[in-house]
Amino acid sequence: MAICDIAALKVNIKNTGGRTESQAIPYLAENQSEDQPIDILIDVDEKRIKKSMAEHPELKRDDWEYMLTGSDFYTNLIKFKGILLHSSCVVVDGLAYAFSADPGTGKSTHTQLWLKHFGSSAHILNDDKPAIRIIDGKVYACGTPWSGKYDCSTPEIVPLAGICFLERSETNWIRKAETSKAVYNIFSQTVRKLGPQTMEKLFDVIEEIFGKTPLWEMGCNISDDAVLTSYNAMKP
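Now for a quick tour of the structure. Here the residue index of a chain counts from 1 through its sequence in written order. Two thresholds apply to this predicted model, a pLDDT of at least 70 for residue-level local features and 80 or more for giving and counting side-chain atom pairs, whereas whole-chain, interface and lining totals are computed over all residues. To get the side-chain values, take all heavy atoms of the structure and skip hydrogens and water.

This part takes up unusual backbone geometry. Look at Asn15: it is not a glycine, yet its phi comes out positive at around 55 degrees. We count a stretch as a helix when DSSP gives it H or I for four or more residues in a row; a strand needs E for two or more, and each element gets its number in order from the N terminus. Inspection of the secondary structure assignment puts Asn15 in the loop between strand E2 (9-13) and helix H1 (18-24). Even without being a glycine, Asp93 presents a positive backbone phi close to 50 degrees. Counting through the fold element by element, Asp93 comes out in the loop between strand E5 (88-92) and strand E6 (95-100).

Right, let's get into the side chain of His110. In this fold, His110 is placed in helix H4 (residues 107-118). A distance of 3.2 Å separates a polar atom in the side chain of His110 from a polar atom in the side chain of Ser230. Here a residue-residue contact requires only that any non-hydrogen atoms of the pair lie within 4.5 Å. Leave out the neighbours within four places in its chain, and His110 touches Phe99, Leu166, Met218, Cys220, Ala226, Val227 and Ser230. In protein, a polar contact requires one atom able to donate a hydrogen and another able to accept it; more generally it is a pair of N or O atoms within 3.5 Å, and residues adjacent in sequence count only if both atoms are side-chain atoms.

Attention now goes to the sheet that holds strand E1 (residues 2-6). Any two strands are treated as partners once DSSP identifies two or more bridges connecting them. Ordered in space as E1-E2-E3, the 3 strands form an open sheet in which the pairing is mixed. Single-partner strands in this sheet number two, and they are E1 and strand E3 (40-42). Adjacent strand axes in the sheet meet at a mean angle of 25 degrees when their direction is disregarded. Both E1 and E2 contribute to a ladder of 5 bridges, which runs antiparallel. Along E2, the bridge assignment pairs Asp5 with Lys10. Note on method: axes are straight lines fitted to C-alpha atoms, helices fitted across the in-contact stretch only, with angles between N-to-C directions ranging 0 to 180 degrees. On the sheet, helix H3 (residues 61-77) packs against E1, E2 and E3 and is oriented at approximately 160 degrees with respect to E3.

For this document, the term salt bridge refers to a Lys or Arg side-chain nitrogen within 4 Å of an Asp or Glu carboxyl oxygen. Under the definition given, this model contains 8 salt bridges. For Glu46, the salt bridge goes to Arg61, with nearest N and O atoms at 2.4 Å. With Glu46 in helix H2 (residues 46-55) and Arg61 in helix H3, this pair connects stretches of sequence that are 15 residues apart. Exposure classes here rest on a 1.4 Å probe applied to the protein chains alone. A residue is buried below 20% of its type maximum, exposed above 50%, and partly exposed in between. The exposure class assigned to Glu46 is partly exposed, which follows from its relative accessible area of 34%. The partly exposed category is assigned to Arg61, whose relative accessible area is 33%. Salt-bridge contacts for Glu55 lead to Lys51; the nearest nitrogen and oxygen are separated by 2.7 Å. Pair noted here: Glu55 and Lys51 are both in helix H2, with a separation of 4 residues, about one helical turn. Connected through shared salt-bridge partners, Glu46, Arg61 and Glu65 make up one network.

What follows concerns the pairing of strand E9 (residues 138-142). Among the 5 residues of E9, 4 are classified as buried, and the element is accordingly described as predominantly covered. Note that strand E8 (residues 131-135) and E9 share 5 bridges and pair antiparallel. Pairing of Arg133 across the sheet is with Tyr140, part of E9. Following E8, the chain reverses through 2 residues before pairing antiparallel with E9; Asp136 in that reversal takes a positive phi of roughly 50 degrees. Looking at chain direction, E9 and strand E10 (residues 157-168) are connected through 3 bridges and run antiparallel. Bridge pairing in E10 places Tyr140 opposite Pro159.

Quick look at the structure:
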């Protein structure tokens, strides 16, 4: 495979092809020498892929390679004060807004409304699995090659203006999230199959992100008013 620049880290993804390789192309580092320092090495063992395929034969080898490389990246990311947040992350005027929700709630639908409303001022950073990372004391949203079935991502690192947890509602409303509920929401939307030490580090990173990032919860419908409700509350 190749060396990539992802979330301000040097990531060497070895022995992959197909979807993983094609989605990583925008993230390829200019310097491909393996002599340089590497922050994260991803080398998925063939035995892991075959085991996963045996347990879930409905998925192809390429699918498992993509999911396992992503899992390894986000697990290692915790060491660098970063987490996976299942969310659709949109950028407007140089600031990122992450919308997280259970599958089927409409987070991608909501961010698509932002694109429609803001036009050329907006773009999607990652539509499914952005990395949220603390760099030099500030919280950033980062594009990654692991971006869902539609491969909608941008290789950027953008200051994070806020995280919003969505639910469906006939009317639009938004309020600051309760900390206890926000912990549950983030924990349910990140990597969880971890050993005790890594799990403890994950909670430390989440706590630091909470201390630096506005957290919101919102009920929304599919309308332009939903965009204005969320943007007017979340913009700094």
